[in-house]
Amino acid sequence: MVDVSVGRALLYALQAQMMLSQAFVESVPLAGRPVSPPDFLRGCAVLLHAIKACLRTKQLTGPWGEVSGEGPRLEYLSVQRRVQLFALLGWLLENWPERCMAIANQIGLRQIHFEPCANRPAWIVEIVEQLTPRSRPPRKRWTATLTKGVRTIESNGGASCRSERAAVLLRAVRDYHGN
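Owing to the predicted nature of the structure, the values given are computational and were not obtained by experimental measurement. Throughout this document, residue positions are counted from 1 along each chain, in the order its sequence is written. A pLDDT threshold of at least 70 governs which residues receive local features in this predicted model, and a stricter bar of 80 or more applies before side-chain atom pairs are shown or counted, although totals over entire chains, interfaces and linings include all residues. The side-chain numbers reported here are obtained from all heavy atoms of the structure, hydrogens and water having been left aside.

Re the pattern of salt bridges
Inference 1: Take a side-chain nitrogen of Lys or Arg and a carboxyl oxygen of Asp or Glu: if they are within 4 Å of each other, that pair is a salt bridge. The final tally for this structure, using the stated rule, is 4 salt bridges.
Inference 2: The closest approach of N and O atoms between Asp 39 and Arg 42, which form a salt bridge, is 2.2 Å. Placement of the pair is Asp 39 and Arg 42 together in helix 2 (residues 37–55), with a separation of 3 residues, close to one helical turn.
Inference 3: Here Arg 165 makes a salt bridge to Glu 154, at a shortest N to O gap of 2.9 Å. One end of the pair, Arg 165, is in helix 7 (residues 161–177); the other, Glu 154, is in helix 6 (residues 142–156), with 11 residues separating them in the sequence.
Inference 4: Relative accessibility thresholds used throughout: buried, under 20% of the residue-type maximum; exposed, over 50%; partly exposed, between the two (1.4 Å probe, protein chains only). By relative accessible area, which is 38% here, Glu 154 ends up partly exposed. Per the convention used, a helix needs a DSSP run of H or I reaching at least four residues, while a strand needs a run of E reaching at least two, with both numbered from the N terminus.

In structure tokens, the structure reads:
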């Protein structure tokens, strides 16, 4: 007996494959508008790289099967893992962009996950702009000054070295979090 979830995952992978093959012939209809073949292929790669980077050690399960972010880059994954990713891609593209936003909220996909991917096509940029910018504020410039201050305390040594260092670091943490 064939597992229905495996069949459904293969169906989504096949749908993604059909959309990819369309990219070589004509424009690909995506959310009611045509997308050029190069932009479609580049966008699919950018999206998969960002999802994989976001998942890192997590797993995502759905009608496409099970996808995780562990392992090498997309180009070096096994065929089975690629089929799972293409199944996810097919599922996302079937109801674009609603499903993408739902998955983004579920796994915590943020703009920062797309930063390593240069030259993003417009249909991906539209989604990236809707995502949360960062999960935490960027580092402030005073971190170098803090490190220098801690090193100075450590180099001076003395009986109160540990308590001074702890006080400085605790103050920095409170300042960082706004308390």
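Here we look at helix 5 (residues 122–130)
Inference 1: Where helix 5 is concerned, the buried positions are Trp 123, Ile 124, Ile 127 and Val 128. Down the axis of helix 5, the buried side of the element spans an arc of 135°, and every buried residue falls inside it. In this structure, helix 5 carries Glu 129 and Gln 130 as exposed residues pointing more than 90 degrees from its buried face.
Inference 2: We call two residues in contact whenever any of their non-hydrogen atoms come within 4.5 Å of each other. Residues of helix 5 that are buried make contact with strand 1 (28–30), strand 2 (33–35), helix 2, helix 3 (79–94) and helix 4 (98–107). Note that the arc is defined by the directions from the helix axis to the C-beta atoms.

Examining the packing of helix 3 against helix 4
Inference 1: Helix 4 packs onto helix 3 with a crossing angle of 125° between their chain directions and a minimal axis gap of 6 Å. The angle between helix 3 and helix 4 places the two elements in the oblique class. In this structure, helix 3 contributes Trp 91, Leu 92 and Glu 94 to the contact, and helix 4 contributes Arg 99, Cys 100 and Ile 103.
Inference 2: Each residue belonging to the contact of helix 3 with helix 4 can be placed in one class, and the counts come to 4 nonpolar, no polar and 2 charged. Lines fitted to C-alpha atoms define the axes, with helix axes restricted to the stretch in contact, and inter-axis angles between N-to-C directions lie between 0 and 180 degrees. For classification, angles of less than 35 degrees are called roughly parallel, those exceeding 145 degrees roughly antiparallel, those between 65 and 115 degrees roughly perpendicular, and all remaining angles oblique. Gly falls in the polar group here, along with every residue not listed as nonpolar (Ala, Val, Leu, Ile, Met, Phe, Trp, Tyr, Cys, Pro) or charged (Asp, Glu, Lys, Arg).

Comments concerning the packing of helix 2 against helix 3
Inference 1: The geometry of helix 2 relative to helix 3 is characterised by a closest axis approach of 11 Å and an angle of 115° between their N-to-C directions. Relative to helix 3, helix 2 is oriented roughly perpendicular. Here the hand of the crossing between helix 2 and helix 3 comes out right-handed. Here Phe 40, Cys 44, Leu 47, Leu 48 and Ile 51 of helix 2 lie close against helix 3, whose contacting residues are Leu 85, Leu 88, Leu 89, Leu 92 and Leu 93.
Inference 2: The residue makeup of the contact of helix 2 with helix 3, split by class, is 10 nonpolar, no polar and no charged. Each crossing gets its hand from how the near helix is turned against the far one by less than a right angle, where anticlockwise is left-handed and clockwise is right-handed.

Function cannot be inferred from these measures alone, as they are strictly geometric.
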